[in-house]
Amino acid sequence: MRIERIRVKNFKALQDVTLKDVLPFTVFVGENGVGKSTLFDVFGFLRDCLKDNVRPAIQRRGGFRELVTRGHQDEAIEIELKLRMPLAIGERIVTYLVKLGLDGGQPSVLEEILRYTRYGGGKPFDFIRFRNGAGSAITNEGDINKGGEERREEQRLDSPDILAIKGLGQFQRFEAASSFRHLIENWHVSDFHISSARTSQDAGLAEHLSTQGENLPLVAQFLYQNHRKVFDQILLKMGRRVPGVSSVEAAETTDGRIVLRFKDGSFQDPFISRYVSDGTIKMFAYLVLLHDPKPHPLLCVEEPENQLYPQLLGPLAEEFIEYSQKGGQVFASTHSPDFLDYTPLESIFILSKTDGMTSVSRAVDNANLRKLVEEGDLPGLLWRQNLLRSQ
């Protein structure tokens, strides 16, 4: 799966923003307050809408009046994604559009469409088409893609604040909905906290790193016990990326809790995680996330440079790029020139604000920036010189 185009309307400062030609590894830059966190929250918001339904997802963000762009309170929030997505019938360009607004004063899915073009081209089919909790879905996707006539089935959801892809996505016969639901459920929008990752955990099972990272010891234990080759690869990279770290183990304490213990080659005894530097903990967490045996289709990471030594940012960017080359997708925001030095110009989107509204442009579309990079300047230097700015 790869997101290739994003369009957002009336979501906080994103009054009308379109990102085209989005790459597997994409980095967003801009001054504080230009809307980078808001853009990332679009993905967290969609995931919350799917998991908890639209009303709780909106309430968590202060209610519809706080979420919708100021001055546009009577309009709908629109999110449209165009993705390259593998299906049983082959790879397709899938478009998903959802419009959210108030109906009778309550948050509602005003419109939801999932469409893609059948093999051989032609007019796209709306495989899902819903409004205010009712609509229809094509039930013979396989026949449609062989040139057959569509058969639609009328459906009604329990509530107008439920996404159709949540209800229909439970059934394999609605393949496009099922696949898209699975993708959103597995997005990882990082909200990593060093303090959470340092805590011990009751003995248990955790296969995937949580968004805040509090289950890091349990995930490390799971990888050690069930995916030893993956765990050994993480340790090998830790040794290369963080000098001095010779081993990491998830140890059980006498009271049945799991803690991380880091071994420094200069000392005989390992250090418990609360005595290890922030940078060491965070780099280990990122490597655990990036080497998940069941990788996330999308990682969103805000300012990965926080708590990391500048020398670690280049290697971390390389890890993100490697992850994206294996089929995942990574969105990162940064203020770090060291991180940007390892980022291709075509991967950089520049955010700025005019009259309180966010605008976005691709760095590679700026002829001056292209010329400077062709002459040998690195993006980090351009950022230091305040040249990475919207046109």
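Structure report, in brief. All values derive from a computational prediction rather than experimental measurement. (Residues numbered from 1 in each chain as written. Predicted model: local features only at pLDDT ≥ 70, side-chain atom pairs only at ≥ 80, totals over all residues. Heavy atoms only, no water.)

**Describing the pattern of salt bridges**
And then number 1: By the definition in use, this model includes 27 salt bridges.
And then number 2: Close ionic contact of D41 with R61 constitutes a salt bridge, the shortest N to O distance being 2.9 Å. Placement of the pair is D41 in helix α1 (residues 36–52) and R61 in the loop between α2 (54–59) and α3 (64–67), with a sequence separation of 20 residues. Of the two residues, D41 and R61, neither departs from the other in class, the shared state being buried.
And then number 3: The shortest N-O distance in the salt bridge between E322 and K326 comes to 3.1 Å.
And then number 4: Of the residues examined, K326 reaches a relative accessible area of 63% and is grouped as exposed. (Salt bridge = Lys/Arg side-chain N within 4 Å of Asp/Glu carboxyl O. Helix = DSSP H or I, 4+ residues; strand = E, 2+ residues; numbered from the N terminus. Buried < 20%, exposed > 50% of the residue type's maximum accessible area, 1.4 Å probe, protein only.)

**Observations regarding the packing of helix α8 (residues 216–226) against helix α9 (residues 228–241)**
And then number 1: Between α8 and α9, the least distance of the axes is 5 Å, while the angle of their chain directions is 120 degrees. If you check the angle between α8 and α9, you find them oblique. Between α8 and α9, the contacting residues are A220, L223, Y224 and N226 on the first element and R228, V230, F231 and I234 on the second.
And then number 2: Taken together, the residues of the contact of α8 with α9 sort by class into six nonpolar, one polar and one charged. (Axes fitted to C-alpha atoms, helices over the stretch in contact; angles between N-to-C directions. Parallel < 35°, antiparallel > 145°, perpendicular 65-115°, else oblique. Contact = heavy atoms within 4.5 Å. Nonpolar A, V, L, I, M, F, W, Y, C, P; charged D, E, K, R; others polar.)

**Regarding the environment of V360**
And then number 1: Considering the arrangement of structural elements, one finds V360 in strand β18 (residues 357–362).
And then number 2: Taking relative accessible area as the criterion, V360 reaches 18% and is therefore assigned buried.
And then number 3: Separated by 10 residues in sequence, V360 and I350 place their C-alpha atoms 5.6 Å apart.
And then number 4: Not counting residues up to four positions away in its chain, the partners in contact with V360 are V17, L19, F349, I350 and L351.

**Here we look at the side chain of S108**
And then number 1: Topologically, S108 is positioned in strand β6 (residues 106–116).
And then number 2: Assessed through its relative accessible area of 1%, S108 is described here as buried.
And then number 3: A distance of 3.1 Å separates the side chain of S108 from the side chain of N132, its partner in a polar contact.
And then number 4: Those residues in contact with S108 that lie beyond four places of it in its chain are K99, L100, G101, D103, N132 and P160. (Polar contact = N/O pair within 3.5 Å; in protein donor to acceptor, adjacent residues only side chain to side chain.)

**Details of the nonpolar core**
And then number 1: Grouped together as the largest cluster of nonpolar side chains are 64 residues, with contacts concentrated most on F43 and F331.
And then number 2: No other element matches α1, which puts eight residues into this core.
And then number 3: Excluding anything up to four places from it in sequence, F331 contacts I3, I6, V22, L23, T26, F28, F40, F43, L298, L299, C300 and V301.
And then number 4: Grouped together as the second largest cluster of nonpolar side chains are 58 residues, F25, F192, L223 and L340 included. (Core = buried A, V, L, I, M, F, W, Y, C linked by side-chain atoms within 4.5 Å.)

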